[in-house]
Amino acid sequence: MKKRMVALLMALCLLVGLVPVVFATGVITSGTCGENLTWRLEGDTLYIEGEGDMEDYELGGYVESPFAYYSTAPWARMKFTKVELAPGVTSIGDQAFFYCEELTEINLHETKVQRMGELAFAHTNLHSIALPEGLTTIPYRAFDVCSLKEISIPESVTRIESRAFGYTNLTIVLPKNLSSLGENVFMYAEGDVYFTGDAPEIIPPIAEDTNGTFGFFQGTVYYPGDNPSWTEDIINENSEWCPWVPYIQNPFTDVTPSDYYYTPVLWALEKGITSGTSDTAFSPYDSCLRSQVVTFLWR
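Residues numbered from 1 in each chain as written. Predicted model: local features only at pLDDT ≥ 70, side-chain atom pairs only at ≥ 80, totals over all residues. Heavy atoms only, no water.

**Topic: the overall build of the chain**
- The helix and strand inventory of the chain stands at four helices and 19 strands.
- Among the 299 residues that make up the chain, the fraction classed as buried is 42%.
- Across the chain, every contact between residues at least 6 apart in sequence was considered, and the portion connecting residues at least 24 apart equals 37%.
- Surface accessibility of the chain: about 16400 Å² in total, with carbon and sulfur atoms responsible for 53%. (Helix = DSSP H or I, 4+ residues; strand = E, 2+ residues; numbered from the N terminus. Buried < 20%, exposed > 50% of the residue type's maximum accessible area, 1.4 Å probe, protein only. Contact = heavy atoms within 4.5 Å. Areas by Shrake-Rupley, 256 points an atom, 1.4 Å probe, with all protein chains shown as cover.)

Written as structure tokens, this is what we have:
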């Protein structure tokens, strides 16, 4: 009789939503993740639904190695490749997707997310991401040890904190309004970093207890050589770990750093070999007239 009563009570609780759905295996596949947010796992997709801020999470234990922690997020040890966020989600919690190694895709761009927590996407397999307009800070180790190849950073971002892109391999274009960079932002990262605005606050490797912003960076830094805020002192102070190369600001909306012809086009522009088809267009896939080719060679 008691067992029947317990079963009946559990069934009633499920009907009114007082307890999360549990499969026969005992694996919880739905629940809450904020005051007004819920989550559910269906197949290889994790859905975050509702409006408001996500909870912050902490380190909760080990994954195979005594040096690899996992998050206390309820989905932390589940297997999924995609996260679908409702448009009303306004923040990503600390360590929300930390060590979700199979995660390859998330749709932040269409959301109202204005805050991202520390280590939010560290140790994931994200290949590309577009951050939403309104986000102001990329926090500590946000994409550390991540498989990022492409990232779009909105102009609203003014601050990037320590090790945000550690151990990545990507071309990254920093927003014009960027005002400060933390220590080791690109620690052991490879690729190219492009500044597009005035020189922000950069930590130089001037003391024994700091490696500076670009400590252990294994790529090339490009800065707008025609911008007077980029002084020789700034370049000299920060070029210990990697080369710094001046460039002309790219006026062309149809030529981006991810294009294989990006550097040659800007070189030709800087040398006066070409000026594009208009002030803002290069038209890289238009055919060249013989007269144009002759002009390029002559110049």
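**A look at empty space enclosed by the protein**
- Under the counting rule described, the total for this entry stands at one cavity of 30 Å³ or more.
- Its volume calculated, the largest cavity comes out at about 40 Å³.
- The wall of the largest cavity is formed by P175, K176, L178, F195, T196, G197, D198, P200 and W230.
- Broken down by class, the residue content of the lining of the largest cavity amounts to five nonpolar, two polar and two charged. (1 Å grid on protein atoms, 1.4 Å probe; cavity = no way out; pocket = protein on both sides within 12 Å on 5 of 7 lines; lining within 4 Å. Points joined across faces, edges and corners; volume = space filled by probe spheres on them. Nonpolar A, V, L, I, M, F, W, Y, C, P; charged D, E, K, R; others polar.)

**So, the confidence of the model for the chain**
- With 88% of its residues at a pLDDT of at least 70, the chain reaches an overall mean of 86.
- Note that residues 6–25 has pLDDT below 50 and, in this model, 15 contacts with residues that lie over four places away or in other chains. (pLDDT = per-residue confidence, 0-100.)

**Describing the sheet that holds strand 16 (residues 180–181)**
- The parallel open sheet is built from three strands, whose spatial order is 12-14-16. Lying at the two open borders of the sheet, with one neighbouring strand each, are strand 12 (137–138) and strand 16.
- Here two bridges tie strand 14 (residues 159–160) to strand 16, and the two strands are oriented parallel to one another. Pairing of I160 across the sheet is with L181, part of strand 16. (Pairing = 2+ DSSP bridges.)

**Observations concerning the sheet that holds strand 15 (residues 169–173)**
- The parallel open sheet is built from four strands, whose spatial order is 15-17-18-19. Among the strands making up the open sheet, the edge pair consists of strand 15 and strand 19 (244–247). Within this sheet the neighbouring strands show an average axis-to-axis angle of 15°, counted without direction.
- Across four bridges, the pairing between strand 18 (residues 220–224) and strand 19 is parallel. Residue pairing for strand 19: Y223 is matched across the bridge by P246. (Axes fitted to C-alpha atoms, helices over the stretch in contact; angles between N-to-C directions.)

**Some points on the side chain of D94**
- Within the secondary structure, D94 is located in the loop between strand 8 (89–92) and strand 9 (105–106).
- Engagement of the side chain of D94 in a polar contact is seen with the backbone nitrogen of E118, the distance being 3.0 Å. (Polar contact = N/O pair within 3.5 Å; in protein donor to acceptor, adjacent residues only side chain to side chain.)

**Considerations on a nonpolar patch on the surface**
- Where nonpolar side chains cluster on the molecular surface, the patch consists of V145, Y167 and Y188 and spans about 240 Å² of accessible area.
- What makes V145 partly exposed here is its relative accessible area of 32%. (Patch = residues over 30% accessible without salt bridge, like charges linked within 9 Å, V, L, I, M, F, W, Y side chains within 5 Å. Salt bridge = Lys/Arg side-chain N within 4 Å of Asp/Glu carboxyl O.)

**Notes on the pairing of strand 8**
- Pairing analysis gives two bridges linking strand 4 (residues 52–53) to strand 8, with the strands arranged parallel. Of the residues in strand 8, the one forming a bridge with G52 is V89.
- Looking at chain direction, strand 8 and strand 10 (residues 115–116) are connected through two bridges and run parallel. Residue pairing for strand 10: S91 is matched across the bridge by R115.

**Overview of the pattern of salt bridges**
- One pass over the full model with this rule turns up nine salt bridges.
- Among the ionic pairs, D94 bridges to R115, the shortest N-O distance being 3.2 Å. One end of the pair, D94, is in the loop between strand 8 and strand 9; the other, R115, is in strand 10, with 21 residues separating them in the sequence.
- Each member of the salt-bridge network shares a partner with another, and the members are R40, E42 and E49.

**Some thoughts on the pairing of strand 18**
- Burial within strand 18 is extensive, with five of its five residues counted as buried.
- Going residue by residue along strand 18, you find T220, Y222 and P224 tucked away on one face and V221 and Y223 tucked away on the opposite face as well.
- Pairing of strand 17 (residues 190–194) with strand 18, which is carried by three bridges, proceeds in the parallel orientation. Across the sheet, residue D192 finds its bridge partner in strand 18, namely T220.
- Crossover strand 18 to strand 19 through helix 2 (residues 232–238) is right-handed. (Right-handed = clockwise from strand over helix to strand, strands pointing away.)

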